[in-house]
Amino acid sequence: MWKLLQIELFKIFKRPRTYISFAAITALVGIIQFGLKLDGTAYMEFMLRDLSMSFDIEGNILNAYLVCFIILQLLLVHVPLLISLIAGDLISGEANMGTLRLLLTKPISRTEVVFAKFLAATIYTLLLLLWMAILALFVSLLVFGSGDMLNLKSDYIVQLKSNDIMWRYIAAFGFAAIAMITVASLGFLLSMFAENSIGPIVATMSVIVVFTILSTLDIPIFNAIKPYLFTTHMIGWKGFFDVKVNADNEAIAGTVQNLGKVMQAAGILVLHIIGFLTASILVFRKKDVLS
Amino acid sequence: MKPLVIFIGFVLISLISSAQDVTGLVKKVKTRLDRVNDYVAEGRMKTDVAFIKAPAGKVKIFFKKPNKFKLKRDGGISILPRGGVSVNMSSLLTSESYTAFSAGESQINGTTVKVIKLLPSAENSDVVLTTLYIDEANLLIRKASTTTRENGTYDMEMSYGKYAEYGLPDKVVFSFNTKDYKVPKGITLEYETGEKPAADKLKNKKGRIEINYTAYTINKGVSDKEFL
């Protein structure tokens, strides 16, 4: 199994396509950081204009923690598209090149092949997120410095102390990993049904785009279906940046406002992963490999 | 006719002497506060505003005559209500040009206080009216209520301890009216349909900031850099 995983990882990282995602993340994060560094003050004035009417806000508001939060908000909606580039190609790519039949002549079970490919896709996803974390959080720490973080929500503001933030990012990236693996498993499942890569990649992207639009549209008729769309739960990582308050409305460090809801969202995503993976195994075991 | 003139004259004389009394009292309080040229204070600040979830935190406060004031929060970000009088004792009496008149007596936490209203003479002053509740026996301002043109009405309640001889409080509770806070979800990039706080909890509530001072360093000099 280990050998099989190594081979799959070799195949993924041999393809130039794999590095498009890393380059895209680097460019996007760099552009956002560059923009915020040059004109972040104007951006913050715009964001805080309601609050500034009644309050004087002083300090390094646009610090690394807020910059990383802004980057994650902007990018985590789009990273699934990059993940589908690889996940949608895992089986269909081999079918297209005619290597799938050859692979299955080896003394390994089809389930093992599925597991090895899925694990390779998972490792790729985790590496992509790790790269994003390094750029969005650690590079931002060097460029923007640290400090308390202001999480600006539409109805209220959450101020997090600087020593109460890092664990939240670790948890948020952990959650994002589950969300992205869900996308990878969907792309992987769709790649079972095609003989070329384009179909599953575009199909995965389409599902993500349509579901994300439905999840974000604030139209009552769509609210009923939102809980059943996995994209609705993919933004659950933001929950780690809201805190509970005590009777005096004082934020309690180390708490999460709706931890149950965040864990429920993570659970639903894990169930999706299990579902997509199980379906992939069942489909692949019965698949008539002709190419 | 003659008794009426005598009566009016008596009333005017008593009003003028009363105004002189309260002006004298305000000046005495100001003289005590004027002993402080500058200070650096350490304390702990609690913010209670309906739409702000903020932790209590350490603060460092810098003051320098006549009205330089800066509050720095441990961790960097401080959110304070707008208005120069915020949590600043001395700024209440900075101006020399005001008219003081007595508004009777009242009780604050069992202490009898003189209620004095200060009307600024300057027409363009942001402060419209300041009401001081002065503990005459100890020459301490126990409470102040300031109405401004731009930022509504602020109340400050002071408790005194070991720095009372300088007129500096150990605890200040600052309360003020807050406006509604609402930012479109498209701007905050907030798409989740999470549980929302009750709407009435977020609207038109009094905000409250409490500072408990733990130590003052008085008249040891404060660099102007601290106020930048």
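Here's a quick rundown of the structure. (Residues numbered from 1 in each chain as written. Chains lettered and ligands numbered in written order. Predicted model: local features only at pLDDT ≥ 70, side-chain atom pairs only at ≥ 80, totals over all residues. Heavy atoms only, no water.)

1. Focus: the overall build of chain B
Thought 1: A count of helices and strands for chain B gives 3 helices and 12 strands.
Thought 2: Considering only intrachain contacts with a sequence separation of at least 6, the fraction spanning at least 24 residues in chain B is 55%.
Thought 3: For chain B, the computed accessible surface area is about 11,700 Å², with 53% contributed by carbon and sulfur atoms. (Helix = DSSP H or I, 4+ residues; strand = E, 2+ residues; numbered from the N terminus. Contact = heavy atoms within 4.5 Å. Areas by Shrake-Rupley, 256 points an atom, 1.4 Å probe, with all protein chains shown as cover.)

2. Looking at the overall build of chain A
Thought 1: Broken down by element type, chain A carries 13 helices and 3 strands.
Thought 2: A compact globule built from 291 residues would reach a C-alpha radius of gyration of about 19 Å, and chain A, at 21 Å, matches this within 12%.
Thought 3: Across the 291 residues of chain A, 53% fall into the buried class.
Thought 4: Relative to all contacts within chain A whose residues are 6 or more apart in sequence, the contacts with residues 24 or more apart total 78%.
Thought 5: Accessible surface, chain A as shown: approximately 12,600 Å² in total, 71% of it carbon and sulfur. (Rg over C-alpha atoms; globule rule 2.2 N^0.38 Å. Buried < 20%, exposed > 50% of the residue type's maximum accessible area, 1.4 Å probe, protein only.)

3. Digging into the nonpolar core
Thought 1: A:Tyr169 and B:Tyr39 are the most contacted members of the largest nonpolar core, which totals 144 residues.
Thought 2: Among the elements that line this core, the one with the most residues is helix 8 (residues 110-144) of chain A, at 15 residues.
Thought 3: Contacts of B:Tyr39, omitting those with residues within four sequence positions, involve B:Ile61, B:Phe62, B:Phe63, B:Phe69, B:Leu168, B:Tyr216, B:Thr217, B:Ile218 and B:Val222. (Core = buried A, V, L, I, M, F, W, Y, C linked by side-chain atoms within 4.5 Å.)

4. Some thoughts on the interface of chain B and chain A
Thought 1: Taken together, the contacts link 45 residues of chain B with 46 residues of chain A.
Thought 2: Buried surface at the junction of chain B and chain A, both sides included, amounts to about 4,400 Å², of which 50% is carbon and sulfur.
Thought 3: When the area that chain B buries against chain A is broken down by residue, the three leading residues are B:Lys53, B:Ile77 and B:Tyr181, summing to 20%.
Thought 4: Among the salt bridges present, the one from B:Lys70 reaches A:Glu58, with a minimum N-O distance of 2.8 Å.
Thought 5: The tally of links between chain B and chain A comes to 14 residue pairs in polar contact (both at pLDDT 80 or more).
Thought 6: At the level of elements, strand 1 (38-48), strand 2 (52-53), strand 4 (68-73), strand 5 (78-81) and helix 2 (185-188) of chain B are the ones that each hand at least two residues to the side of chain B that touches chain A.
Thought 7: At 4 residues, the largest contribution of residues to the side of chain B that touches chain A is made by strand 5 of chain B.
Thought 8: Partitioned by chemical class, the residues of the side of chain B that touches chain A number 19 nonpolar, 11 polar and 15 charged. (Buried area = accessible area lost by both parts, 1.4 Å probe. Salt bridge = Lys/Arg side-chain N within 4 Å of Asp/Glu carboxyl O. Polar contact = N/O pair within 3.5 Å; in protein donor to acceptor, adjacent residues only side chain to side chain. Nonpolar A, V, L, I, M, F, W, Y, C, P; charged D, E, K, R; others polar.)

5. Describing the pairing of strand 12 (residues 206-218) of chain B
Thought 1: As judged from the 10 bridges shared by strand 1 of chain B and strand 12 of chain B, these two strands associate in the antiparallel manner. Within strand 12 of chain B, the position partnered with B:Arg44 by the bridge is B:Asn212. (Pairing = 2+ DSSP bridges.)

6. A look at the sheet that holds strand 1 of chain B
Residue and element names in this part refer to chain B.
Thought 1: Across the sheet, which stays open at both edges, the 10 strands sit in the order 4-3-1-12-11-10-9-8-7-6 with antiparallel pairing between neighbours. Bordering the open sheet on either side are strand 4 and strand 6 (98-108), each of which pairs with just one other strand. For this sheet, the mean angle separating the axes of adjacent strands, direction not counted, is 20°.
Thought 2: In the sheet, strand 10 (residues 152-159) pairs with strand 11 (residues 171-177) via 6 bridges, with the strands oriented antiparallel. The partner of Tyr154 across the bridge, within strand 11, is Phe176. (Axes fitted to C-alpha atoms, helices over the stretch in contact; angles between N-to-C directions.)

7. With respect to the pattern of salt bridges
Thought 1: A complete count under the given rule lists 19 salt bridges over all chains for this structure.
Thought 2: Between A:Lys11 and A:Glu8 there is a salt bridge whose closest N-O contact spans 3.0 Å. Taken together, the residues span about one helical turn, with A:Lys11 and A:Glu8 both in helix 1 (residues 2-14) at a distance of 3 residues.
Thought 3: The class of A:Lys11 is partly exposed, set by a relative accessible area of 24%.
Thought 4: For A:Glu8, a relative accessible area of 2% puts it in the buried group.
Thought 5: Close ionic contact of B:Glu210 with B:Lys171 constitutes a salt bridge, the shortest N to O distance being 4.0 Å. Highlighted residues: B:Glu210 in strand 12 and B:Lys171 in strand 11, separated in sequence by 39 residues.
Thought 6: Residue class for B:Glu210 comes out buried when judged on its relative accessible area of 10%.
Thought 7: Bridged by salt links that share partners, the residues A:Glu8, A:Lys11, A:Glu94 and A:Lys117 form one connected network.

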